Amino acid sequence: MVLSRTLRARASGDTMSLAAAPELARIPAGEFLMGAADVEEDERPVHRVYVSEFFIGRFAVTQDEYARFVRDTGHPAPAVRALPLITAGGRDTVFREMAAPYVWTDGQPLAGHGSHPVVLIRYEDAVAYCAWLSQALGRVVRLPTEVEWEKAARGGVDGLRYPWGDDCDPSRCNFLVDASTKRLRGTRPTGTYPPNPYGLYDMSGNVWEWVSDWYGSDYYASSEQRDPRGPQSGTMRIVRGGSWVNEDVGMLRCAYRHKVPPDTYAYSIGFRIVCTD
């Protein structure tokens, strides 16, 4: 089930904001098997989880969608700011070089990239966008939990490695097939590749996507059986799905959990939104 609409809503005070509601897919309530038994230790044990109904963006948030938020709120546009911890160890020069094509100019994304997923997004930026869209649309908008993200990625089919099956297929997602071409590649417009059975695009590849949970390496062993929301606190956050910079196809798997420091942002990290009402 796909929902789409455009609403004119009061954003703050007397300011009116034209907020384009994202296209949403309904993910039905029910159980699924979360995790993987034969790969990373933090994906174990495979466990059955009940997830309440929710609605998730069919696409990652795009540059054009994020631009409306920046214009309406004055929130900082995507840029290279204080370098994140992931650049430690002499990776700062490469980070700046790879990020340069995604830095906005005068509050605007690069021409012709409006339908690409927005990147250079910190966790706090994604949360701020959700708060703005919640107010503009008059409904709760937030990041998906880790369990919601994985259930959505699997498309209603338990046990598959990728949203489409068990074999990685370069015709189905944007990842780094040849490491020597890394500097020649980049994000692609959302919806370039076929959707999964729930009608969701780019659940593997293109950009990593923030989820709301703190990371816990052994969380699966003690998590709630119904709508778990992750540890109450932690030192690392989680992104899911893999991206255009990843040559390791294991990172594109539905079950793969990529832990990152909370200050992380990158040319390969974006997000999609969830609504529950």
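Residue positions are counted from 1 within each chain, in the order its sequence is given. Local features in this predicted model are restricted to residues whose pLDDT is 70 or higher, and side-chain atom pairs enter the listing and the counts only when it is 80 or higher, whereas totals over whole chains, interfaces and linings include all residues. Calculated side-chain values reflect all of the structure's heavy atoms, with hydrogen atoms and water omitted.

Undergrad: Let's hear about unusual backbone geometry: which residues, and what values?
TA: The step from Arg44 to Pro45 runs through a cis peptide bond, and the omega angle for that step is -5°. By the criteria applied, helices consist of DSSP H or I runs no shorter than four residues and strands consist of E runs no shorter than two, each listed in order from the N terminus. Counting through the fold element by element, Pro45 comes out in the loop between strand E5 (30-34) and strand E6 (47-51). Positive phi values are uncommon outside glycine, yet Leu120 reaches one of about 60°. Inspection of the secondary structure puts Leu120 in the loop between helix H2 (92-99) and helix H3 (123-137). Judged by its relative accessible area of 0%, Leu120 falls in the buried class. Positive phi, close to 45°, is recorded for Asp227, a residue that is not glycine. As for its position among the elements, Asp227 is in the loop between strand E9 (208-214) and strand E10 (237-240). Exposed residues in this analysis have more than 50% of their type's maximum accessible area, buried residues have under 20%, and partly exposed residues fall in between, with area computed by a 1.4 Å probe over protein chains only.

Undergrad: Account for the confidence of the model for the protein, with residues named and values stated.
TA: Across the protein, the average pLDDT comes to 93, with 93% of residues at 70 or higher. For every residue, the pLDDT score states the predictor's confidence, bounded by 0 at the bottom and 100 at the top. What makes two residues a contact is simply this: any of their non-hydrogen atoms within 4.5 Å. Segment residues 1-16 is flagged for pLDDT under 50; beyond a separation of four residues in sequence, or across chains, it makes 40 contacts in the model.

Undergrad: Break down the sheet that holds strand E12 (residues 269-270) for me, with residues and values.
TA: DSSP calls a pair of strands paired once it identifies at least 2 bridges connecting them. With mixed pairing, the 4 strands of this open sheet are ordered in space as E11-E10-E9-E12. For this open sheet the edge positions go to strand E11 (258-260) and E12, each flanked by a neighbour on one side alone. In this sheet, E12 lies alongside E9 in parallel orientation, the contact comprising 2 bridges. Bridge assignment links Trp208 to a residue of E12, and that residue is Ile269.

Undergrad: Can you tell me about the packing of aromatic side chains, naming the residues and giving the values?
TA: In this analysis, rings of Phe, Tyr and Trp, with Trp reduced to its six-membered ring, are considered paired at centre separations within 6.5 Å, and the interplanar angle assigns stacked below 30 degrees, edge-to-face beyond 60, and tilted for intermediate values. All chains considered together, the criterion is met by 16 aromatic pairs. Considering the side-chain rings of Tyr66 and Phe271, the 6.4 Å spacing of their centres and the 80° angle between planes classify their relative orientation as edge-to-face. Here the residue Tyr66 occupies a position in helix H1 (residues 63-73), and Phe271 occupies one in the loop between E12 and strand E13 (274-275), the gap between them amounting to 205 residues. Judged by its relative accessible area of 0%, Phe271 falls in the buried class. When the ring of Tyr162 is compared with that of Trp164, the centres are 5.4 Å apart and the planes differ by 5°; the resulting orientation is stacked. Tyr162 sits in the buried class, given a relative accessible area of 3%. Here Trp164 falls in the partly exposed class, since its relative accessible area comes to 22%. Within the aromatic cluster, the residues linked to one another by ring pairs are Tyr66, Phe69, Trp104, Tyr129, Trp132 and Phe271. Here Arg237 stacks its cationic end above the ring of Tyr123, 4.0 Å away from the centre of that ring. Each ring is checked for a lysine NZ or an arginine CZ that lies within 6 Å of its centre and within 35 degrees of its normal; such an atom marks a charge sitting over the ring.

Undergrad: Can you explain the layout of surface pockets? Please cite residues and give values.
TA: The volume enclosed by the largest pocket comes to roughly 430 Å³. The way it works is a 1 Å grid over only the protein atoms, where trapped points that fit a 1.4 Å probe form a cavity and open points with protein on both sides within 12 Å along at least five of seven lines form a pocket, and then any residue with an atom within 4 Å of a point lines it. The wall of the largest pocket is formed by 20 residues, among which Ile86, His258, Ala266, Tyr267 and Ser268 lie closest to the centre. Only H2 and E11 provide two or more residues apiece to the lining of the largest pocket. Charged residues are taken to be Asp, Glu, Lys and Arg, nonpolar residues to be Ala, Val, Leu, Ile, Met, Phe, Trp, Tyr, Cys and Pro, and polar residues to be all remaining types, Gly included. Of the residues in the lining of the largest pocket, the class split is 12 nonpolar, 5 polar and 3 charged. Grid points are joined across faces, edges and corners, and a volume is the space filled by probe spheres set on the points. Reported here for the second largest pocket is a volume of approximately 240 Å³. Lining the second largest pocket we find 17 residues, and of these Pro22, Glu23, Phe59, Thr62 and Glu65 sit closest to its centre.

Undergrad: Report on the side chain of Ser223, specifying residues and quantitative values.
TA: Inspection of the secondary structure assignment puts Ser223 in the loop between E9 and E10. Filtering out sequence-adjacent residues up to four positions away, Ser223 remains in contact with His47 and Pro228.

Undergrad: Give a description of the state of the cysteines that names residues and reports values.
TA: The disulfide definition used here is simple: a pair of cysteine sulfur atoms within 2.5 Å. Across all of its chains, the model carries 0 disulfides by this definition. The structure places no disulfide on Cys254, whose sulfur is separated from the nearest cysteine sulfur, that of Cys173, by 11 Å. Sulfur of Cys275: no disulfide; nearest cysteine sulfur belongs to Cys130 and is 8.5 Å away.

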